[in-house]
Amino acid sequence: MTTELTLIADFLELAGDYLDRGYRRERQNTVILEGGPELAGRVELTRSPNLAGDQEFTRGAELARGQELAGDSLERVSSDIAACSACGLAALRNRAVPGEGVQNPLALVIGEGPGADEDREGRPFVGPAGQLLDLMLASIKLFRDKNCFIANVVKCRPPHNRDPLPEESAACASFLARQIALLKPRAILCVGRVAAQVLLKSSEGIGRLRGQFAEYQGIPLLPTYHPSALLRDQSLKRPAWEDLKLLKEKLAGLDPVYAGECRETRP
Ligand code: URA
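Residues numbered from 1 in each chain as written. Predicted model: local features only at pLDDT ≥ 70, side-chain atom pairs only at ≥ 80, totals over all residues. Heavy atoms only, no water.

## Remarks on the overall build of the chain
Point 1. Of regular secondary structure, the chain possesses twelve helices and six strands.
Point 2. For the chain, restricting intrachain contacts to residue pairs at least 6 apart in sequence, the fraction spanning at least 24 positions comes to 69%.
Point 3. As presented, the chain carries roughly 12800 Å² of accessible surface, and 53% of it is formed by carbon and sulfur atoms. (Helix = DSSP H or I, 4+ residues; strand = E, 2+ residues; numbered from the N terminus. Contact = heavy atoms within 4.5 Å. Areas by Shrake-Rupley, 256 points an atom, 1.4 Å probe, with all protein chains shown as cover.)

In C-alpha cells, the structure reads:
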C-alpha cells in the first residue's frame, strides 16, 4: 500500500472508531513504517496491537532493550505519551502525566493513575496523596528530585478517579515497560493494589501483597499501601512504615552512599 492509501485507510478507521464508540480503538498495527528502524520501533509502540497487559509489558521491555529502540529515551517516552490516543482516557485528559524524577533512581515509585490535580498539572502525585507520599519517601531519604522517579500505571486520568480498566492499563503498559527499562531503578515501590496487581500479574489484595519483596524482571519490587488509603485509614500507617523500613534496608544493602546518608541522620 502506498503512504497515501495508508493515510486514507487510517483516517477511515479513525472516523469509524469515533462514530462507533467515541474514541480510537486499539488494533493490529497496519501502518507502513518509514524512517528507519528507530522510528519503526516508536510507531509500533505507540500504536501497539491489543495485547493482554502482561504481554504488552514484556514486549515493551524487550523493544526498549533491543536494537530498534537503542535510541529510546525518557523524553521520547514522554512525547509518545503526550501523542497517544490508544484508549478512551486520552480524549478525557487535560494533560498526560508521564512521570518525573531522576535517571537511574534508587527507587521507582509506581501509582495507579493521575487524579484531578495531576491531570491539571501534568505531574504525578501533586495532590494531598502526593504530599503524603513525599513525606513518606523523605522519611527514608528518598526524594523525587534526588534519587527517585515517580510514575503511574496509566498516564491519563481515569474519570472520577476510578480504577483503570484492564484495557486502559494494557494500552499504557509499553510506556511503563520502556520507562522501567530506561530508568533501571534499584528497587520498585508499588503504592496501592492496582499498581501491585498489574506489575506482579496478581489478583491478590494489597493486604496480602504488601510487606514482602517480589521481583519485576530481576528488580526487587515492594508493594505497599497507597497514600490515599493512609489518608482514609490511620491504622494503615504503621504497616506502611514497616514497608518503608524494608525498602530502606534493601536500598542500603544495594547502595553504600545511600546507606551512609541514612546512617548520618539516625538519632
Ligand atoms: N494517585 C496515583 O495513583 N497517582 C497519582 O499520580 C496521584 C494520585
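## Focus: the pattern of salt bridges
Point 1. Using the criterion set out here, one finds 15 salt bridges in the structure.
Point 2. A salt bridge links Arg 178 to Asp 80; its shortest N-O distance comes to 3.0 Å. One end of the pair, Arg 178, is in helix H7 (residues 166-183); the other, Asp 80, is in helix H4 (residues 74-83), with 98 residues separating them in the sequence. Summarising the burial analysis for this pair, Arg 178 and Asp 80 share the class buried.
Point 3. Residues Arg 193 and Asp 163 are paired through a salt bridge, measuring 2.5 Å at the closest nitrogen-oxygen approach. Linking Arg 193 in helix H8 (residues 193-200) with Asp 163 in the loop between strand S3 (148-152) and H7, this pair joins segments that are 30 residues apart in sequence.
Point 4. One connected set of salt bridges, linked through shared partners, spans Glu 100, Glu 121, Arg 123, Asp 134 and Arg 144. (Salt bridge = Lys/Arg side-chain N within 4 Å of Asp/Glu carboxyl O. Buried < 20%, exposed > 50% of the residue type's maximum accessible area, 1.4 Å probe, protein only.)

## Remarks on the site of the ligand
Point 1. Neighbouring the ligand are Gly 111, Glu 112, Gly 113, Glu 118, Pro 124, Phe 125, Asn 152 and His 226.
Point 2. Note that an oxygen atom of the ligand is positioned 3.0 Å from one of the backbone N or O atoms of Phe 125.
Point 3. Measuring from an oxygen atom of the ligand, one finds a side-chain N or O atom of His 226 at 2.9 Å.
Point 4. Within the complex, the protein chains bury 92% of what would otherwise be the 240 Å² of accessible surface of the ligand. (Near = heavy atom within 4 Å. Polar contact = N/O pair within 3.5 Å; in protein donor to acceptor, adjacent residues only side chain to side chain.)

## So, the state of the cysteines
Point 1. Within this structure, the stated rule accounts for zero disulfides.
Point 2. No disulfide involves Cys 156; its sulfur sits 6.1 Å from the nearest other cysteine sulfur, which is in Cys 172.
Point 3. Given the relative accessible area of 8%, Cys 156 is considered buried. (Disulfide = S-S within 2.5 Å.)

## So, the confidence of the model for the chain
Point 1. On average, the chain scores 83 in pLDDT, and the residues at 70 or more come to 73%.
Point 2. Low pLDDT (under 50) marks residues 16-50, which in the prediction has 66 contacts with non-local residues, meaning those over four places away or in another chain. (pLDDT = per-residue confidence, 0-100.)

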